[in-house]
Amino acid sequence: DTGVSQDPRHKITKRGQNVTFRCDPISEHNRLYWYRQTLGQGPEFLTYFQNEAQLEKSRLLSDRFSAERPKGSFSTLEIQRTEQGDSAMYLCASSFGGSNTEAFFGQGTRLTVV
Amino acid sequence: AQTVTQSQPEMSVQEAETVTLSCTYDTSESDYYLFWYKQPPSRQMILVIRQEAYKQQNATENRFSVNFQKAAKSFSLKISDSQLGDAAMYFCAYRSALASGSRLTFGEGTQLTVNP
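Residues numbered from 1 in each chain as written. Chains lettered and ligands numbered in written order. Predicted model: local features only at pLDDT ≥ 70, side-chain atom pairs only at ≥ 80, totals over all residues. Heavy atoms only, no water.

Trainee: For this particular structure, what's the right way to read the side chain of A:Arg31?
Mentor: All names here are of chain A. If you trace the backbone, Arg-31 turns up in strand S4 (residues 31-37). At 8.5 Å, Glu-56 is the nearest oppositely charged side chain to Arg-31, a buried residue that forms no salt bridge. At a separation of 2.9 Å, a polar atom in the side chain of Arg-31 contacts the side chain of Gln-50. (Helix = DSSP H or I, 4+ residues; strand = E, 2+ residues; numbered from the N terminus. Buried < 20%, exposed > 50% of the residue type's maximum accessible area, 1.4 Å probe, protein only. Lys, Arg positive; Asp, Glu negative; His and termini not counted. Salt bridge = Lys/Arg side-chain N within 4 Å of Asp/Glu carboxyl O. Polar contact = N/O pair within 3.5 Å; in protein donor to acceptor, adjacent residues only side chain to side chain.)

Trainee: Quick question: what am I supposed to make of the nonpolar core here?
Mentor: What tends to happen in soluble globular proteins is that the nonpolar side chains get buried as a cluster. All names here are of chain B. Residues Tyr-25, Trp-36, Phe-75, Leu-77 and Tyr-90 are the most contacted members of the largest nonpolar core, which totals 25 residues. Counting only elements with at least two residues in this core, the list comes to strand S3 (19-21), strand S5 (32-39), strand S6 (46-52), strand S8 (64-69), strand S9 (74-79), strand S10 (88-96) and strand S12 (110-115). Sort the elements by how many residues they give to this core and S10 lands first, with 4 residues. Those residues in contact with Tyr-25, other than ones at most four positions away along the chain, are Thr-3, Val-4, Tyr-32, Leu-34, Phe-68, Gln-69, Lys-70, Lys-73, Ser-74, Phe-75 and Tyr-94. (Core = buried A, V, L, I, M, F, W, Y, C linked by side-chain atoms within 4.5 Å. Contact = heavy atoms within 4.5 Å.)

Trainee: Explain the pattern of salt bridges here, please?
Mentor: Here the idea is simple: oppositely charged side chains can pair when their charged atoms come close. By the definition in use, this model includes 7 salt bridges over all chains. Note that A:Arg64 and A:Asp86 form a salt bridge whose closest N and O atoms lie 2.8 Å from each other. With a gap of 22 residues between them, A:Arg64 in the loop between strand S6 (53-57) and strand S7 (65-68) and A:Asp86 in the loop between strand S8 (75-79) and strand S9 (88-95) connect regions that are remote in the sequence. Taken individually, A:Arg64 and A:Asp86 each receive the classification buried, so the pair is uniform in this respect. Here B:Lys73 ties to B:Asp26 by a salt bridge, and the two come within 3.6 Å at their closest N and O atoms.

Trainee: Help me understand the side chain of A:Ser95 in this model?
Mentor: Residue and element names in this part refer to chain A. Its place among the elements puts Ser-95 in strand S9. Look at Ser-95 and you get buried, because its relative accessible area is 0%. A polar side-chain atom of Ser-95 sits 2.8 Å from a polar atom in the side chain of Tyr-33. Contact partners of Ser-95, with chain neighbours within four places excluded, come to His-29, Asn-30, Arg-31, Tyr-33, Thr-101, Glu-102 and Ala-103.

Here is the structure:
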């Protein structure tokens, strides 16, 4: 098992373009999370899946953001009409079971909107 | 809503010495979990130590230990015999124990420098 994998590692895009990030969780993990981390800050929760169901979304997740997890395996996070304020590190994490289990994080996708 | 506060943006320690990172949190829940995560530069976040709120005994993992004060809502991390590899950003995090609770709420982080 290679851990949580995120692709791409870095993305530079022009304002107004759409971008999509992918996360491959640890294979037996049924829970998948997306977080956003701006420079010098702690990660902020965006959304969470249990299997293929999106169970919780943060108010940070505006209507320009959409996340999917088809078939309960990998997940994608799409940002439409990107803005400079979307520049951040987008982290994916996965876990198995309940709230007391460890969440394993990927290395993140760093988005720069120019 | 729960909040987590780390009041030390930066800390430094000499190699082989001991350092304590502070964390306070606010919650109305009685059952929850607390975590310390380490984020080295350009590397993924990894779990350092975990504490269940219902346990009175402080968690310990090798050189890492916590001082959990539930009434004071304080959760500090002590690193003993600091090593150069301990240099990283450290985040304190909270997670509810409710069945629906799953998100981690993070503090702002403490940048730890280890001086040789």
